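Listed below are the residues making up each chain.
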Amino acid sequence: MCIRDRTKDLKFLFEPRGVIVTGVSSHPGKFGFVALHNILSCGYEGKVFAIGREESTVLEQKVTTSLDSIPENEADLMILCTPVEMNEELLRKASEKGVKAVFCAAGGYSETGEEGLKAEKRLVALAAELDLVLAGPNGQGVVSPPAGLCAQIVAPYAPKGRIAVVSQSGNFVSSFLNYANQTGIGISRSVSAGNAAATEIIDFLEWFSTDPATDVALCYLEGLEKGRDFFERIKTITKKLPIVLVKGGTTMGGQRAAASHTGSLASDSKIFEGMARQAGITRAPNIESAFEIAATFATQPLPSGPRVLVLTTAGGWGVVTADAISNSSELVLTPLPNDLKEEINKLLPPRWSKNNPIDLAGGETRDTIPELLSIASKHPEIDSIIQLGLGIQGNTANLVRTGKFYPDHGLERIVNFHERQERRYAEVSIKASLSSGKPILIASELATTQPNNPMVKTIRDSGQLCYASANRAVSALNHLVRYAIWRNQSN
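Because the structure is predicted, anything quoted here is derived from the model rather than measured.

With respect to the packing of helix α12 (residues 315-327) against helix α19 (residues 470-490)
Between two packed helices, both the angle of their axes relative to each other and the distance between the axes serve to describe the pair. Running from amino to carboxyl end, α12 crosses α19 at an angle of 30°, the nearest separation of the two axes being 9 Å. It follows from the interaxial angle that α12 and α19 lie roughly parallel. The two elements α12 and α19 cross, and the hand of that crossing is right-handed. Across from Val-320, Thr-321, Ala-324 and Ile-325 in α12, the residues of α19 making contact are Ala-470, Asn-471 and Val-474. Broken down by class, the residue content of the contact of α12 with α19 amounts to 5 nonpolar, 2 polar and no charged.

Re the environment of Ile-70
The topology assignment puts Ile-70 in the loop between β4 (61-64) and β5 (77-80). When the C-alpha positions of Ile-70 and Ile-153 are compared, they lie 22 Å apart, and in sequence the two are 83 residues distant.

A few points about the nonpolar core
The biggest cluster of nonpolar side chains holds 55 residues, and the ones touching the most others in it are Leu-13, Phe-204, Leu-205, Phe-208, Phe-230, Phe-231 and Ile-234. With 6 residues, helix α7 (residues 201-210) is the largest single contributor of residues to this core. When sequence neighbours within four positions are dropped, the list of residues in contact with Phe-204 reads Leu-10, Leu-13, Phe-14, Ala-135, Val-166, Val-191, Ala-193 and Thr-199.

Side note on unusual backbone geometry
Note that the residue after Ala-155, namely Pro-156, is joined by a cis bond; omega there is 5°. With respect to the helices and strands, Pro-156 occurs in the loop between β9 (149-152) and β10 (160-167). Residue Pro-357 is bonded to the preceding Asn-356 through a cis peptide linkage, with omega at 10°. Within the element layout of this structure, Pro-357 appears in the loop between α13 (338-345) and β17 (358-359). The backbone of Glu-60 sits at a positive phi, close to 65°, despite the residue not being glycine. Assignment of secondary structure puts Glu-60 in the loop between β3 (56-58) and β4. Overall, Glu-60 belongs to the exposed group, its relative accessible area being 80%. Unusually for a residue other than glycine, His-409 sits at a positive phi of about 60°. Within the secondary structure, His-409 is located in the loop between α15 (392-401) and α16 (411-436).

Cut-offs applied
Residues numbered from 1 in each chain as written. Predicted model: local features only at pLDDT ≥ 70, side-chain atom pairs only at ≥ 80, totals over all residues. Heavy atoms only, no water. Axes fitted to C-alpha atoms, helices over the stretch in contact; angles between N-to-C directions. Helix = DSSP H or I, 4+ residues; strand = E, 2+ residues; numbered from the N terminus. Parallel < 35°, antiparallel > 145°, perpendicular 65-115°, else oblique. Left-handed = near helix turned anticlockwise from the far one by under 90°. Contact = heavy atoms within 4.5 Å. Nonpolar A, V, L, I, M, F, W, Y, C, P; charged D, E, K, R; others polar. Core = buried A, V, L, I, M, F, W, Y, C linked by side-chain atoms within 4.5 Å. Buried < 20%, exposed > 50% of the residue type's maximum accessible area, 1.4 Å probe, protein only.

Structure, rendered in structure tokens:
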């Protein structure tokens, strides 16, 4: 079976009708127990079967000692949590029962040396013979929120969203899912590729590009055995699906660590960088920024150009944001169009900045920001907007609400007004982006320092991202523009 045919079959990893877990015992620290617990606890509605050394009941689930007792064609996926010496026979039995895909969480394969490599090659050859999709070995598992599936040997489980994750490091899958829980920007699929012995990173990326639940792919990669094949295939993927990638093993020390971690040989950093740029891959310097960039792709429209307008309630924020835009590789701090300037003159007192960034200088009324945002987002010479200074009223309300004089002295009314305004500002920003088809990124340190601020909470509840700083918003927007330019030129 060719690679592309195999890739089309990856749906059985992410949307199985039923799941078999092997290596199940009553010990809550064992892989089999944890995998079974997660599948049963996160909303999966398909049938679940547990295989262990002894017949028992674990987590109210019947455990049997053999796949012989499992009905045929009721499970598409098997999670292997059993030792190396047991797994080849389990593959044969699973195939007889109609299993289509296997995730091997067990270690002891190529990452351990020559004997493990031989066992891995036997497992791969057997899976190919039986026409089984094989993911892993030495991986954490599969998560698929659209199917309610958490078939992995660790936490966490993430909310449903539009970001697909594939990683050669299971720990970074957990990191990305942790960020999904923190921000509310959810996941469509995630998989720890482990040693990627049969199903490689590129196979997952190809399948994600055909997955209607996915808008962007997020990838951590250490090494490639078939670099040329990877880049030839990924150039086709990136024309329709943004790929945000973190590359490990870019230094000698990192390359040694990669070899001992997943058995991967890290590729030459300079060659990789050049090929990634040609292929339209979005490179991220670290895990945190990678998730933030992917979240931006998943929640913002692609800009039609590089021209950015900065809207701020105070001057300092605008100054540092103007610096960040000017220092970026793709963005332009666009001169303020005369007709837009005339419209703003009608909304603000004469002390406003008269330039981009638009500094309101404290001259706004309750309706100024919504009106200004509506006008600016519709202007044909503005491609995107970065909005700063929201959340101040909500921050004030929080201090008053927690003070000793609240709710007396007329304070309840002003607190409610401030919080209502913050919710309104956030809602208007989201609406303006949707109606104009342009990115509008809101940045405030309150995203992390006061996540229950009504502005921050409203953005999160709407499925958008509030950036913790203007610099981070600028960086994410720069990647969107770079990708949009590349895709326009490549199509």
